[in-house]
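Below, each chain spelled out in residue letters.
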Amino acid sequence: MNTLVRRELQLIARERAFGIALLAHVSIMTGLLLAWGPDPLRSMQLVVLGLLLPWTAARVLATRPLPVPGVRALAAMLALALVVSAAFPVMLLADRMAGAGLAHALRGELPAQILSAGVAVLVLLWRRLHSDRVIGWIGATVTALLLVALRIAGGLQR
Amino acid sequence: MFARLLAIALVLLPAAADAAVLTANAGLDGVGRPGRWLPVRVAIEARSEDISGDLIAEWGPARVRRAVIVPAPSRREFELYLRTGDVRDVVTVRLEQHGHETSRVAVPLRIVGADDHAVLSVRHGPWPASWRSYDAADELVLDGDGPSSPEAKDAIALWRALRRAGDIDRSLPSSDAVPAPSAPARLVSPVLLFYTLAVAALMLLFARARGRASVSYSATIIVVAAGSTAAWASGRSSAVVVRHQSIAEQFDDGGSRTLITIRATAQYPTQGRFLLRASTEDGAIDGANAIDDEGRFDSEGFPTLVSEGGIGATSSFTVEGTSTFRAFEVTHDGSRTRIANVSAVTLERCEFPPGFQAPPDTRLRPGQAVEGEPRAADVDPIVTCRLAGSPIEFSEAHHAVTTEGATAVVYHLRPVQQ
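## Re a nonpolar patch on the surface
Residue and element names in this part refer to chain A.
Turning to step 1, where the next piece is worked out: Residues Val134, Trp137, Ile138, Val142 and Leu146 make up a contiguous nonpolar surface patch of roughly 440 Å² in combined accessible area.
Turning to step 2, where the next piece is worked out: Mapped onto the elements of the fold, valine 134 is located in helix α7 (residues 133-157).
Turning to step 3, where the next piece is worked out: Owing to a relative accessible area of 46%, valine 134 belongs among the partly exposed residues under this scheme.

## Focus on the state of the cysteines
Residue and element names in this part refer to chain B.
Turning to step 1, where the next piece is worked out: One pass over the structure, following the stated rule, counts one disulfide over all chains.
Turning to step 2, where the next piece is worked out: Shown here is the disulfide that connects cysteine 350 with cysteine 385, its sulfur atoms set 2.1 Å apart. The disulfide joining cysteine 350 to cysteine 385 has a torsion of about 120° about its S-S bond and is therefore right-handed. In this pair, cysteine 350 is assigned in strand β21 (residues 348-351) and cysteine 385 in strand β23 (residues 382-388), connecting sequence segments 35 residues apart.
Turning to step 3, where the next piece is worked out: Under the relative-accessibility criterion, cysteine 350 is labelled buried at 5%.

## Side note on the pairing of strand β3 (residues 38-46) of chain B
Two faces belong to every sheet, and in a regular strand the side chains alternate between them.
All names here are of chain B.
Turning to step 1, where the next piece is worked out: For β3, a buried count of eight out of nine residues is recorded, marking the element as mostly surrounded by other parts of the structure.
Turning to step 2, where the next piece is worked out: Pairing of strand β1 (residues 20-26) with β3, which is carried by seven bridges, proceeds in the antiparallel orientation. The residue of β3 that forms the bridge with asparagine 25 is arginine 41.
Turning to step 3, where the next piece is worked out: Two strands pair when backbone bridges link them, and β3 and strand β6 (residues 74-82) are joined in this way by nine bridges, in the antiparallel orientation. Bridge pairing links isoleucine 44 to arginine 76 in β6.

## Digging into the packing of aromatic side chains
All names here are of chain B.
Turning to step 1, where the next piece is worked out: Evaluated as defined, the whole model comprises six aromatic pairs over all chains.
Turning to step 2, where the next piece is worked out: Aromatic side chains tyrosine 134 and tryptophan 159 sit 6.5 Å apart centroid to centroid with 50° between the ring planes, which places their arrangement in the tilted category. Of this pair, tyrosine 134 sits in the loop between β10 (119-122) and β11 (139-142) while tryptophan 159 sits in helix α3 (residues 150-165), placing them 25 residues apart in sequence. Assigned by exposure class, tyrosine 134 and tryptophan 159 land together as buried.
Turning to step 3, where the next piece is worked out: Seen from the ring of tyrosine 81, arginine 132 lies directly overhead, with NZ or CZ sitting 4.1 Å from the centre.

## Describing the nonpolar core
Turning to step 1, where the next piece is worked out: Within the largest apolar cluster, 63 residues are counted, with the highest numbers of intra-cluster contacts made by Ile12, Phe18, Met29 and Leu61 of chain A together with Tyr195 and Tyr217 of chain B.
Turning to step 2, where the next piece is worked out: In contact with leucine 61 of chain A, not counting residues within four places along its chain, are Ile12, Arg72, Ala76, Val123, Leu124, Arg127 and Arg133 of chain A.
Turning to step 3, where the next piece is worked out: Counting residues in each nonpolar core, the second largest holds 52 residues, with Leu28, Ile51, Leu80 and Ala137 of chain B among its members.

## A short note on the environment of alanine 112 of chain A
Turning to step 1, where the next piece is worked out: Within the fold, alanine 112 of chain A resides in helix α6 (residues 102-129).
Turning to step 2, where the next piece is worked out: In this structure, alanine 112 of chain A is in contact with Gln45, Leu46, Leu49 and Val84 of chain A, ignoring residues within four places of it in sequence.

## Points about the packing of helix α3 (residues 41-60) of chain A against helix α4 (residues 71-85) of chain A
Residue and element names in this part refer to chain A.
Turning to step 1, where the next piece is worked out: At a closest axis distance of 11 Å, the pairing of α3 and α4 adopts a crossing angle of 145°. Considering how the two elements wind past one another, α3 and α4 form a crossing that is right-handed. Of α4, the residues touching α3 (which contributes Gln45, Leu49, Leu53, Thr56 and Ala57) are Leu80, Val83 and Val84.
Turning to step 2, where the next piece is worked out: Its residues assigned to classes, the contact of α3 with α4 comprises six nonpolar, two polar and no charged.

## Looking at the sheet that holds strand β25 (residues 401-412) of chain B
Residues and elements named next belong to chain B.
Turning to step 1, where the next piece is worked out: If you trace the seven strands from one edge of the open sheet to the other, you get β15-β18-β13-β12-β25-β23-β21, paired in mixed fashion. Strands at the two margins of the open sheet, each flanked by one partner only, are β15 (283-287) and β21. Ignoring strand direction, the axes of neighbouring strands in this sheet form an average angle of 15°.
Turning to step 2, where the next piece is worked out: Note that β21 and β23 share two bridges and pair antiparallel. Note on β23: the bridge partner recorded for glutamate 351 is threonine 384.
Turning to step 3, where the next piece is worked out: Packing against the sheet, α3 makes contact with β12 (240-251), β13 (258-267), β18 (314-323) and β25, and its axis sits at approximately 80° to β12.

## Overview of the side chain of serine 228 of chain B
Turning to step 1, where the next piece is worked out: Note on placement: serine 228 of chain B falls in helix α5 (residues 213-233).
Turning to step 2, where the next piece is worked out: Contact partners of serine 228 of chain B, with chain neighbours within four places excluded, come to Phe88, Pro89 and Leu92 of chain A.

What counts and what doesn't
Residues numbered from 1 in each chain as written. Chains lettered and ligands numbered in written order. Predicted model: local features only at pLDDT ≥ 70, side-chain atom pairs only at ≥ 80, totals over all residues. Heavy atoms only, no water. Patch = residues over 30% accessible without salt bridge, like charges linked within 9 Å, V, L, I, M, F, W, Y side chains within 5 Å. Areas by Shrake-Rupley, 256 points an atom, 1.4 Å probe, with all protein chains shown as cover. Salt bridge = Lys/Arg side-chain N within 4 Å of Asp/Glu carboxyl O. Helix = DSSP H or I, 4+ residues; strand = E, 2+ residues; numbered from the N terminus. Buried < 20%, exposed > 50% of the residue type's maximum accessible area, 1.4 Å probe, protein only. Disulfide = S-S within 2.5 Å. Pairing = 2+ DSSP bridges. Phe/Tyr/Trp six-rings, centres within 6.5 Å; stacked < 30°, edge-to-face > 60°. Lys NZ or Arg CZ within 6 Å of the ring centre and 35° of its normal. Core = buried A, V, L, I, M, F, W, Y, C linked by side-chain atoms within 4.5 Å. Contact = heavy atoms within 4.5 Å. Axes fitted to C-alpha atoms, helices over the stretch in contact; angles between N-to-C directions. Left-handed = near helix turned anticlockwise from the far one by under 90°. Nonpolar A, V, L, I, M, F, W, Y, C, P; charged D, E, K, R; others polar.

Printed below as a string of C-alpha cells:
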C-alpha cells in the first residue's frame, strides 16, 4: 500500500501541471492580498481552489487501473493538500494584517484542506461516472464550486 | 482656598477602607468651565497594603485613567486633567485594583459659563506646576507673593502668555498635512515577493527532478515551512512609525516651557497591542481610534495611547503638552528685538512679522540671529520657522519608534503698544 501510494505520488510529481498548480495558487493569492487586502481572502481562496484543484487532479492523476482501491485517492489527497498548504504563508500574512495570529491562520486552513480532500474524491468519482477526462473535470469543478458556495453562504449566515 | 474647596469622600467598600484612603479636590478655586482643562488632585494613602491599580477620573463624558503604585505605608498625590464641553457639577474619582473598584470619591464643582469672565483665587500652596491648572481663569488673584518654585512660576507665565496671545484665537502658521502612512500591503510585499519567487523556483525543480519525487516534495515542504516562518516573523522586530505635523510655541514672557501640539498617526509593524508613550509629563494624548475614549497615563504620569490591530494598522492621535525644547531666544533692547536660533539645527522657511529683515534664503542657522523693530500692526505678531523632527519623543514598550514629519516653531512676540 505504502509503496503504491509513493508510486502514485511520484507520477503526480512528474506532471508539469502539479508545479503550475502550486505556483498559480500562491501567485493568485498573493495578487488578491495585495489588491484587495486581507478581509475577503479566505472566501476568495475557496473559490480559487474550487477552480484550481479539480483541474490539477484531472491533469495529474493517472488513469490506469490500480490493484488496491483507495490508493489513488489517498495520493491525490496528499498532493492536493500540498497545493493548498503552499499558500499558507500568504494566508498567515493576511491574518496578521487583519490583527489575528498563527492559531487563527491554522484554523482557517481547515476548510481549504477539507475541500482538497473532497475534490480528490470527486474527481475520481466523476471519472467512474464518465470516461471522458474533460467532462469529469467539468463535473468535478461544478460540484466543488457548489460545495464552496454552500460553505460561503453558511459562513455569511453565521 | 484649596482647603475650603477640598471635597473629601470616604471609601465605599469597608474592606478597602482599611487598606486605602482616597481623597480628592477638583478645579482651581473649585471652578470647572466648558472646554477648559479641569485639574483634579487626588491623594492615595496606603495604610496596610501596597496599592497597585488604576486611578480613574470622570467629568461628564471625559475620562482619564492613570496607573498608580503606592507602597504601604505611604501617601502619594496625583494630578489629573480633564476637559469637555459637556460639563457636570461633579467629578467622580475611582480607584480600581485587579479590575475591581475599591474606592470612589465624588467631588462637587462650581460651573462657570464659557462666555463668563472668571476671576479665580489661588490663596496658598502647593502651587500647581502645569499651566492647565489655571486654564479656567480669565484673571488670577494670587495669595501673597505667589509661587516660589520655578515650575509653578513657569506655569503661571505660560498661562498669562497664552491669554495675552488670544488663547484659542492666537496666531498660528498654516499647517502642512501629516505624511500619509504606508499601505499595509507594502509592508508585507517583500516577504510575499520572495516567497512567490521561491515557489517559482520549485516549479523548475519539479520539471527537472522527474523521477525523484521525494526531492520535489521535500523541497516543497521546506519552502512552505520557511515561508511560513518568514510570514510569522515579518515586522516583529520593526519599529512603530509615528508620522506627525507639530507646532512648538514659545511666548514672550511665557516662562521656560514650550507649548506643543502634535497631529500624528502611528503605524504598527506587526499585529498585537501597542502602548505608545509621549515623553511629556505635562500633556495628554487624544486618540481618534484608540481602544477606548479615555485618556491614559502610565505610572510615571506620561500620556499613553493604547491601540491594537494588524500589520500596517494605523492610529490617529493628537498630543497637547509642554516641553523644554526651545528653538528661539528673543531679547528686547528698547524698540529693537533680536531673534536668535538657539537650537542645534537649521530652521527653514522662516517668516517674520513686518519690521524684520528676513534672511534671503529664509533659513536661520544655529546661532544666527535676526534683528528688527516690530511695528504696532499685529495683535499677536509671530515668528515662524520649520524644522525636521518632533519636539517630543515617543517610545513603545516592545518596539523602537521612528518619527517622520516636521515641526513649525512659533514665537509669539509681545504686541507693540500704539
